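Summary of structural features
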Amino acid sequence: MSHLPVTPLSKFGDLLRRYGGVIRAIQWFIILFYLFLLLIPAFMSLPPDKARVLNNLTLFAQFVFWGIWWPFVLLSMVLFSRAWCGIFCPEGALAELASKYGKNKGAPNWLKWNGWPAIAFILTTLYGQMISVYDYAKPALLILGGSTLAAVGIGLFYGRNKRVWCKYLCPVSGVFSLLARLAPLHFKVDEERWKENPEPHLPVPNCAPLVDIRRMHGASSCHTCGRCSGQRDAVRLATRSVNEEIVDYGQEEHNPWLIHLLLFGILGVAIGAFTWTVSPWFIAYKQAIAEWLVVHGVYWPLNQDTPWWLFTHYPENNDAFNWVDGFCVVTYILGHGVVLGSVFSLVMFIASKITQQGKVFYTHFCLALIPLGAAGLFLGLTATTVKLIRQNGFAILWVQDVRLMLLLCSTIWSLILAYRVVKKYPLNLIQQLGSMLCFTFVCAIVFYNWYLMFWGWGHLSLFKLSTLVNLVVYAATLVIFIIIVKLLFKRLNKPLKSKTIKVTQL
Ligand code: SF4
Ligand code: SF4
């Protein structure tokens, strides 16, 4: 007998399987839209000063890519797990299509190295800042188009109808796999039922990201494509606690590179990449180097003769890096990654030493930082959204309070996760307090960095009376929202009387 009931939600999962053709049509539509927005603006001249999002294609594409697409794809990971990857992503769809007609070779060992997603994320983030990918169309084509070409190229060589690129190399796959652990929706597998292999024996689904479906415990590697829904009467789309994957299964994570990605990439390099443009430290650092060069009679690094594909070079917009600018951007961003990542790793290592639970606890405990990391990425990316909206004449005065609310909620969420992880281990009170103190210290440093970016460096006060009132209103709205979602989930998870499901192979 099935342990996973058929529910309205699981029926929706079955629909994803049954209507794979519709999903492919959606993917083709997005591929064409993506290529249009990527290619055409790159060959147009820079927008004039008076141009706006709604009357200039370059600005429209910039707003779609960086103002909406990326921040809300990130948000979708936390809400709907990796449905973006399985249903909408043009790059994943093209990679899979290419592998269908390619050489079908097996993936070599160098390609299966666990560190690629972390390295690729860090390098892409850094390169994006070097060439101002958020501001100009040619860099967007170079980075996004280059990534898509690489995905297709890998697909043409490796994997038969699979997404080898997504599994091993995509620069955001590691980040998405971390964020999806917080999602309330996932495909749940009943392993015992799977082994029973009941009738009807459906054809084996093509799991493109090469997930071991039978042993799948969460949403981190599943692309939520629905192709295995109903398989062996053991796979169902279902809701779960947003803490479940980290608290209950976090100890099963054996990939240290995912933790490096979290500590050095998301909480290190990304903070440097989002903050350098407003940092007075960056300006002081750059000026100190420039003055030293002038005093020593070395002038060539101050020339703005850098190529656009290496450092930002748009003299017609009064926006061109000299070699010192470029050097400072690279070292500032990487410096953030090294310094913050090392401090966080050391403090979490001390926490694991206090508890005497070794590497398993270290990894498990670090995963509790995901909500704070996710909020930071969302805030950093939506800084571009806010900038573009303001450039188009909308003041959006409430944004600071929402940012504060998001930071506070994500910090509290991380602390709750950390506490629940601590409770899973046989620790005495001193060990519990010591490890939680270390964790709180890491959260405080991350919080302080975002405080500097959005308040401190702009001499804005964090708390005003109006802020407190707004926070209360937002918190009440959030509570109401959570109650409504819980009620909705309850209905969606209510077992249906008939458990017969009709599915067809993709
Ligand atoms: S892993 Fe990357 S390329 Fe693959 S579907 Fe997800 S976002 Fe797209
Ligand atoms: S396990 Fe594979 S086939 Fe099943 S929903 Fe996830 S990605 Fe799709």
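Residues numbered from 1 in each chain as written. Chains lettered and ligands numbered in written order. Predicted model: local features only at pLDDT ≥ 70, side-chain atom pairs only at ≥ 80, totals over all residues.

For the protein, an unreviewed UniProt entry supplies the name 4Fe-4S binding protein and the organism Entomomonas moraniae.

Along its length, the protein carries 19 helices and four strands. Taking 506 residues into account, the globule formula puts the C-alpha radius of gyration at 23 Å, and the protein, at 24 Å, falls close to it. Expressed along its principal axes, the backbone C-alpha trace of the protein runs to roughly 80 × 60 × 45 Å. Taken over 506 residues, the protein has a buried fraction of 41%. Here the contacts in the protein between residues at least 6 apart in sequence split such that 81% fall between residues at least 24 apart. (Helix = DSSP H or I, 4+ residues; strand = E, 2+ residues; numbered from the N terminus. Rg over C-alpha atoms; globule rule 2.2 N^0.38 Å. Buried ≥ 20, exposed ≤ 12 C-beta atoms within 10 Å, placed from the backbone. Contact = placed C-beta atoms within 7 Å.)

Moving on to helix α12 (residues 256–275). Residues spaced three or four apart along an α-helix point in a common direction, a consequence of the helix completing one turn every 3.6 residues. Helix length check: α12, at 20 residues, gives a terminal C-alpha distance of 27 Å against a target of 28 Å (1.5 Å per residue), a fit within 8%. The largest bend in α12 amounts to roughly 35° and is located at glycine 265. Within α12, 18 of the 20 residues are buried, leaving the element largely enclosed by the surrounding structure. (Expected span 1.5 Å × (residues − 1). Bend = angle between axes of the 7 residues up to and from the residue.)

To continue, consider the site of ligand 2. Neighbouring ligand 2 are 15 residues; Cys207, Cys222, His223, Cys225 and Cys228 lie closest to it. A class-by-class count of the residues in the shell around ligand 2 yields ten nonpolar, four polar and one charged. (Near = placed C-beta within 6 Å. Nonpolar A, V, L, I, M, F, W, Y, C, P; charged D, E, K, R; others polar.)

Interhelical geometry of helix α17 (residues 399–423) versus helix α19 (residues 465–492) gives an angle of 60° and a closest axis separation of 10 Å. Viewed along their axes, α17 and α19 adopt a mutual orientation that is oblique. In the packing of α17 onto α19, the handedness of the crossing is right-handed. For the pair α17 and α19, the contacting residues are Asp401, Val402, Leu404 and Met405 in the first and Thr467, Asn470, Leu471 and Tyr474 in the second. Residue composition of the contact of α17 with α19, grouped by class: five nonpolar, two polar and one charged. (Axes fitted to C-alpha atoms, helices over the stretch in contact; angles between N-to-C directions. Parallel < 35°, antiparallel > 145°, perpendicular 65-115°, else oblique. Left-handed = near helix turned anticlockwise from the far one by under 90°.)

As a further point, take the domain arrangement of the protein. A common way to state how big an interface is: give the accessible area lost once the parts meet. Domain boundaries assigned for the protein yield domain 1 (8–180) and domain 2 (248–462). Taken over C-alpha atoms, the centre of domain 1 sits 23 Å from the centre of domain 2. Every element with two or more residues in the side of domain 1 that touches domain 2 is listed here: α3 (57–80), α6 (116–130), α7 (137–157) and α9 (173–179). Among the elements that make up the side of domain 1 that touches domain 2, the one with the highest residue count is α3 (nine residues). (Domains from an automatic or database assignment.)

So, about the nonpolar core. Judged by nonpolar contacts, the single largest core of 116 residues is most densely connected at Leu179, Leu262, Leu267, Phe365, Ala368 and Ile370. Looking at this core element by element, the count peaks at 13 residues for α12. Split by domain, this core shows at least three residues from each of two domains, domain 1 (8–180) and domain 2 (248–462). If we skip the residues at most four places from it in the chain, phenylalanine 365 touches Met348, Ala351, Ser352, Ala418, Val421, Ser435 and Phe439. (Core = buried A, V, L, I, M, F, W, Y, C linked by C-beta atoms within 7 Å.)

Moving on, we come to unusual backbone geometry. Following glutamate 199, the chain continues to proline 200 via a peptide bond in cis, the omega torsion being -10°. By the secondary structure assignment, proline 200 is in the loop between α10 (191–196) and β2 (235–239). Of note, serine 132 is a non-glycine position whose phi angle comes to about 55°, a positive value. Residue placement: serine 132 occurs in the loop between α6 and α7. Residue class for serine 132 comes out buried when judged on the 21 C-beta atoms lying within 10 Å of it. Positive phi values are uncommon outside glycine, yet arginine 232 reaches one of about 55°. Inspection of the secondary structure assignment puts arginine 232 in the loop between α10 and β2.

Every residue near ligand 1 is listed here: Cys85, Cys89, Glu91, Gly92, Ala151, Arg163, Cys166, Cys170, Val172, Ser173 and Phe176. Class assignment for the residues of the shell around ligand 1 results in seven nonpolar, two polar and two charged.

What follows deals with the environment of leucine 262. The residue leucine 262 is located in helix α12 in this model. Given 24 C-beta atoms within 10 Å, leucine 262 falls into the buried group. Here the alpha-carbon distance between leucine 262 and glycine 174, two residues 88 residues apart in the chain, equals 9.0 Å. Aside from chain neighbours lying at most four places away, what touches leucine 262 is Leu178, Leu267, Cys366, Leu369, Ile370 and Gly373.

Now for the pairing of β2. Judged by how many residues are buried, β2 sits mostly within the fold: five of five residues are covered. Side chains Val235, Leu237 and Thr239 project from β2 onto one buried face, and the interleaved Arg236 and Ala238 project onto a second face that is buried too.

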